[in-house]
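Spelled out from the first residue to the last, the chains are:
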Amino acid sequence: MENYQRALIGRMVEHLDLYVSGRTSLPKLVEDLRGLFEASDPHELEIRDSFQWLWGDLDAESELRTQPWAPAGAADDDRLARAIRELRLWAT
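Procedures and definitions
Residues numbered from 1 in each chain as written. Predicted model: local features only at pLDDT ≥ 70, side-chain atom pairs only at ≥ 80, totals over all residues. Heavy atoms only, no water. Helix = DSSP H or I, 4+ residues; strand = E, 2+ residues; numbered from the N terminus. Rg over C-alpha atoms; globule rule 2.2 N^0.38 Å. Buried < 20%, exposed > 50% of the residue type's maximum accessible area, 1.4 Å probe, protein only. Contact = heavy atoms within 4.5 Å. Phe/Tyr/Trp six-rings, centres within 6.5 Å; stacked < 30°, edge-to-face > 60°. Lys NZ or Arg CZ within 6 Å of the ring centre and 35° of its normal. Salt bridge = Lys/Arg side-chain N within 4 Å of Asp/Glu carboxyl O. Axes fitted to C-alpha atoms, helices over the stretch in contact; angles between N-to-C directions. Parallel < 35°, antiparallel > 145°, perpendicular 65-115°, else oblique. Left-handed = near helix turned anticlockwise from the far one by under 90°. Expected span 1.5 Å × (residues − 1). Arc of directions from axis to C-beta. Core = buried A, V, L, I, M, F, W, Y, C linked by side-chain atoms within 4.5 Å.

Our focus in this paragraph is the overall build of the protein. In terms of helices and strands, the protein carries five helices and zero strands. What you see in the protein, going N to C, is helices and strands ordered as α-α-α-α-α. Taking 12 Å as the expected radius of gyration for a compact globule of 92 residues, we find that the protein reaches 13 Å, a close match to that expectation. For the protein, the residues scored as buried account for 33% of the 92 residues in total. Restricting to contacts in the protein with at least 6 residues of sequence separation, those with at least 24 account for 59%.

Right, dumping it as structure tokens:
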């Protein structure tokens, strides 16, 4: 992985911090993380798969909190916290 790719992925931590501090919404965080990942364009399948797996958990939690089709009570705060924690570890 190139340095510019590492830098873009490392910026994900800033966006996670913005969400945790309440300065951005969960849907915006999901969008921003995807954008940074796509901009970094890693070619290694292991990196792509690991991000997709972790990001998918975050995206699913966001949908359970924001989509009208989501059943009441389906969102899980512990699952969201775990997704954020794991994405932070992955980005660092």
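To continue, consider the packing of aromatic side chains. For any pair of aromatic rings, the description rests on two quantities: the centre-to-centre distance and the angle between the ring planes. Per the counting criterion, the structure on display carries four aromatic pairs. Over the ring of Trp-55 we find Arg-34; its NZ or CZ atom is 4.1 Å from the centre of that ring.

Using the criterion set out here, one finds seven salt bridges in the structure. Measuring nitrogen to oxygen at the nearest pair gives 2.9 Å for the salt bridge that ties Arg-34 to Glu-38. You can see Arg-34 and its partner Glu-38 sitting in helix α3 (residues 26-40), four residues apart, about one turn around the helix. With a relative accessible area of 38%, Glu-38 lands in the partly exposed category. Connected through salt bridges with shared partners, the residues Glu-61, Arg-65, Asp-77 and Arg-79 form a single ionic network.

One can describe the packing of helix α4 (residues 45-66) onto helix α5 (residues 77-91) by two numbers: an axis separation of 10 Å at closest approach and a directional angle of 150°. By the angle class used here, α4 and α5 are roughly antiparallel. For the pair α4 and α5, the sense of crossing is left-handed. From α4, Ile-47, Ser-50, Phe-51, Leu-54, Trp-55, Asp-57, Leu-58, Glu-61, Leu-64 and Arg-65 reach across to α5, where they touch Asp-77, Arg-79, Leu-80, Ala-83, Ile-84, Glu-86, Leu-87 and Trp-90.

Right, let's get into α4. Between its terminal C-alpha atoms α4 stretches 30 Å, which fits the 32 Å expected from 22 residues at 1.5 Å a residue. Considered for burial, the residues of α4 that qualify are Phe-51, Leu-54, Trp-55, Leu-58, Glu-61 and Ser-62. Angular distribution of buried residues about the axis of α4 spans 105°; they occupy a single face of the element. In α4, the exposed positions angled more than 90 degrees off the buried face are occupied by Leu-45, Glu-46 and Trp-53. On its buried side, α4 packs onto α2 (12-20), α3 and α5.

Before going further, it helps to spend a moment on the nonpolar core. Soluble globular proteins tend to pack their nonpolar side chains together in the buried interior. By size, the foremost hydrophobic cluster in this structure holds 20 residues, and its most contacted members are Met-12, Leu-33, Leu-58 and Leu-87. Broken down by secondary-structure element, the contributors of at least two residues to this core are α1 (3-10), α2, α3, α4 and α5. In terms of residues, this core owes the most to one element, α3, which gives six residues. Ignoring anything within four residues of it in the chain, the contact list for Leu-87 reads Leu-16, Leu-33, Phe-51, Leu-54, Trp-55 and Leu-58.

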